[in-house]
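The lines below spell out each chain.
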Amino acid sequence: MRVISNSITLILSLASLGLHSVYALDQATDFLDLGDSALSGEDNESAIGYYEKGIAVLTDDESLLTILSLHTNLGTALSSAGNEKKAVDSYRTAIFKHDALIGEIVDRDMKKDANDLSAQAAFFLGMTYQELGEPQLAADAYALANTLDPYHWSSLANLGSVLHDNLRLPGDALIAYNKAFEILTQIDHEPTDAPHEPRYILSQLQYRIALAITYDHGRKCARDDDPTKEISCDELASHAFSLAVGYDSTNEAAKHMLASITADATVKRASNTYVKALFDEYAHNFEHALVSELGYTGYERLRFGFDKAFGGRENVPIFKLVIDAGCGTGLVGEQFRNVSQYLVGVDLSQAIIDEAKTKRPDLYDETRAGDVTEVFRAMKPVSLIIAADSYIYFGDLVPLFKSMEEGMEDGGFVAFTLESVSEENEKSLQESKPDWRWQLTPSGRFAHKKEYVERVSKQHSFHVVHYEPLINFRYEGGIGVRGHLYVIQKKADDRNEL
């Protein structure tokens, strides 16, 4: 095992170290077999001796595969014995032999095997140059390995590390990391030496992608599908860090960077396009997945908390106009139907509204597909807004609260839930950025700081009537999610408040 960078560890199998094919039984192949056996037993000195003897007896009509295997494996034995400079010579010789003789190979399979062997020699050469402190030569070797074998993902991963860490070329590193990630996630061709635990490697690659994106704070970013439209580099980086944590929940470096970059990042809100597409896709299975699989109870707990704000369910009045913001399939709307004179379900996804009508056909007096911030203003004055797990797609709460302030009648109420960060992440944020306000989590949802929510409420004429922390109100990967439950009221000038 070699640590190629402080983030990517590549585990090389004996098969990759001793890749060869025996096409003829002669002295050279006998010595190759003996050398491979010694190398697998970590007897480097004996392996070196056998490989050198095999090279000494090579004939003019020797198989190219045997020639390449002897020189490549000799380089590996020399490197393992600590003789890096001689290892370089062996790997380079293997590459030169390949270049000189590959044109004579007619058989397609044999040519591919020869290219693969030469790619391995170039890959090991790159590793050895890194050990010798020659990053540019290492980068050239890794690039050659990928040229010889387009599915050699590890050469691209190591190339990215050298370009980013040593040569300070984050843009080129980003290209290499992305190519490595694409190789491991495509399904058309088996990656060379595919990792046994791909999620770990995918996590590391996404982590390194994010580091490359954020290396130069003055750079500009755009998506591949629309290179003319500039977007926030922090938004792209936060997405990559989120993916890294999603692939490997133990990636502490990615967790820390995610906490740092998204605490108050320019990612202020999940786009309407993203949210609509998300719920359009999962509309049919949404409620089952949320309640049965993720153990979601926020919709019931929101009603219980609302009742507490009034001193008991028997004291809750009837509200003239109630908007279920982000209504989904009607889970929370159903909880508040008995206190709603006129109940309106609003969601970005028409598909999930249709699902709500199928599951609960008589629940809503009216439904609207659209942005809740626009509906609040259009339907004012609103008596009550209920929002169970729909405000989690807003990071910056100011535009949302401004729309509620404008659309809400004086003395009206808002009952809503939000997510909080994990206890561990909260401690990290307090140390790295104590004034954090919100964070984009690996789930793609936003988590908010309690003090921030209350500050924004006060700034927009709302005061907190009831608050309670939500513990394990849903589960992600078997781990309970923390959250907030709020009941707030718009201040009234000429009527009593709770």
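Computed from a prediction, not measured in an experiment: that's the story for all the values here. (Residues numbered from 1 in each chain as written. Predicted model: local features only at pLDDT ≥ 70, side-chain atom pairs only at ≥ 80, totals over all residues. Heavy atoms only, no water.)

K.L.:
I keep staring at the overall build of the protein chain and nothing clicks. Help me out?
P.N.:
Helix and strand counts for the protein chain come out as 21 helices and 13 strands. Relative to the 2.2 N^0.38 estimate, which gives 23 Å for 498 residues, the radius of gyration of the protein chain is 31 Å and therefore markedly larger than a compact globule would have. Overall size of the protein chain, expressed as C-alpha extent along the three principal axes, is 100 × 45 × 45 Å. The 498 residues of the protein chain split such that 52% are buried. In the protein chain, the proportion of contacts linking residues at least 24 apart, taken out of those at least 6 apart, comes to 66%. (Helix = DSSP H or I, 4+ residues; strand = E, 2+ residues; numbered from the N terminus. Rg over C-alpha atoms; globule rule 2.2 N^0.38 Å. Buried < 20%, exposed > 50% of the residue type's maximum accessible area, 1.4 Å probe, protein only. Contact = heavy atoms within 4.5 Å.)

K.L.:
Whenever I open this one, the packing of helix H4 (residues 64–80) against helix H5 (residues 84–101) confuses me. Can you help?
P.N.:
Each pair of packed helices gets described by two things: the angle between the helix axes and the distance between those axes. At a minimum axis separation of 7 Å, H4 and H5 run at an interaxial angle of 165°. Here H5 runs roughly antiparallel to H4, going by the angle between their axes. Crossing angle aside, the handedness with which H4 passes H5 is left-handed. Residue-level inspection shows Leu64, Ile67, Leu68, His71, Thr72, Leu74, Gly75, Thr76, Leu78 and Ser79 of H4 in contact with H5, the latter providing Glu84, Lys86, Ala87, Ser90, Tyr91, Thr93, Ala94, Lys97, His98 and Leu101. Looking at the contact of H4 with H5, its residues break down into nine nonpolar, eight polar and three charged. (Axes fitted to C-alpha atoms, helices over the stretch in contact; angles between N-to-C directions. Parallel < 35°, antiparallel > 145°, perpendicular 65-115°, else oblique. Left-handed = near helix turned anticlockwise from the far one by under 90°. Nonpolar A, V, L, I, M, F, W, Y, C, P; charged D, E, K, R; others polar.)

K.L.:
Just to check I follow, could you spell out the packing of H4 against helix H6 (residues 108–131) for this structure?
P.N.:
At a minimum axis separation of 10 Å, H4 and H6 run at an interaxial angle of 20°. By the criterion of interaxial angle, the relationship of H4 to H6 is roughly parallel. Between H4 and H6 the crossing geometry is left-handed. Listed contacts from H6 to Leu64, Leu65, Leu68, Ser69, Thr72, Thr76 and Ser79 of H4 are Met110, Asp113, Ala114, Leu117, Ser118, Ala121, Phe124 and Thr128. Residue composition of the contact of H4 with H6, grouped by class: eight nonpolar, six polar and one charged.

K.L.:
So what exactly am I meant to see when it comes to the pairing of strand E13 (residues 479–490) here?
P.N.:
Side-chain positions along a regular strand alternate between the two faces of the sheet. Of all the 12 residues making up E13, nine are buried; the element is thus mostly covered by neighbouring parts of the structure. Here strand E9 (residues 408–419) pairs with E13 via seven bridges, running antiparallel. Along E13, the bridge assignment pairs Leu418 with His484. Taken together, the 11 bridges between strand E12 (residues 462–476) and E13 define a ladder with antiparallel strand orientation. The residue bridging Val464 from the neighbouring strand is Ile488, located in E13. (Pairing = 2+ DSSP bridges.)

K.L.:
Help me out: how do you make sense of unusual backbone geometry in this one?
P.N.:
Across residues other than glycine, the phi torsion is negative in most instances, and most of the peptide bonds are trans. Here Lys380 and Pro381 are connected by a cis peptide whose omega angle stands at 5°. Within the element layout of this structure, Pro381 appears in the loop between helix H18 (372–378) and strand E8 (382–387). If you check the backbone angles, Arg168 has positive phi at about 55° while not being a glycine. Mapped onto the secondary structure, Arg168 falls in the loop between helix H8 (153–166) and helix H9 (170–185). Its identity as a non-glycine residue notwithstanding, Ser461 has a phi of 70°, on the positive side. Along the chain, Ser461 falls in the loop between helix H21 (450–459) and E12.

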